[in-house]
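# Fold and contact review
Listed below are the residues making up each chain.
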Amino acid sequence: MTATVLRRAAELLLVLLGLSVLVFLLTSLAPSDPAEEILRRGGIQPTARSVAALRAELGLDRPLFTQYLRWLLAVLASVRAAFRPERSTAAPSRS
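Residues numbered from 1 in each chain as written. Predicted model: local features only at pLDDT ≥ 70, side-chain atom pairs only at ≥ 80, totals over all residues. Heavy atoms only, no water.

Moving on, we come to the side chain of Asp33. Looking at where Asp33 falls in the secondary structure, it is placed in the loop between helix 1 (2-28) and helix 2 (34-41). Setting aside chain neighbours within four positions, we find Asp33 in contact with Val51 and Arg55. (Helix = DSSP H or I, 4+ residues; strand = E, 2+ residues; numbered from the N terminus. Contact = heavy atoms within 4.5 Å.)

So this is what it looks like as C-alpha cells:
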C-alpha cells in the first residue's frame, strides 16, 4: 500500500514537472519578443538598446534552462504564497 502511494506521488511529480516544461516552452516560443511587446504597450518605441536593456532586466538574455529554473521558482513561490494564511496588519484590539 505504501509503495503504491509513493509510486503514484512520484508519477504525479513527474507529470507536473513535464507540464511545467511544456507550459514554459510554449510561452517562450511566442512569435514576438516579450521585451518589444512590453515597450510597445507602455507607449515606448522599441530601439535595439532599450530592448536589450529590458531583456537583460527580465533575464531573457540568459540560457533557456536558467530562464526555466527562475520561472519555476517564481511559480512555486506564488503557489506557496497562495496557501499562506493572511496576516492582519491591524493592531490588536484591547477589550
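On the surface, Leu12, Leu13, Val15, Leu16, Leu19, Leu22 and Leu26 cluster together into a nonpolar patch covering about 700 Å² of accessible area. Position of Val15 relative to the elements: it lies in helix 1. Residue class for Val15 comes out partly exposed when judged on its relative accessible area of 48%. (Patch = residues over 30% accessible without salt bridge, like charges linked within 9 Å, V, L, I, M, F, W, Y side chains within 5 Å. Areas by Shrake-Rupley, 256 points an atom, 1.4 Å probe, with all protein chains shown as cover. Salt bridge = Lys/Arg side-chain N within 4 Å of Asp/Glu carboxyl O. Buried < 20%, exposed > 50% of the residue type's maximum accessible area, 1.4 Å probe, protein only.)

As a further point, take the packing of aromatic side chains. Enumeration over the complete set of coordinates arrives at three aromatic pairs. Aromatic pair Phe24 and Tyr68: ring centres 5.5 Å apart, planes at 65 degrees, arrangement edge-to-face. Separated by 44 residues along the polypeptide, Phe24 in helix 1 and Tyr68 in helix 4 (residues 64-83) bring together distant segments of the chain. A network of ring pairs unites the aromatic residues Phe24, Tyr68 and Trp71 as a single cluster. (Phe/Tyr/Trp six-rings, centres within 6.5 Å; stacked < 30°, edge-to-face > 60°.)

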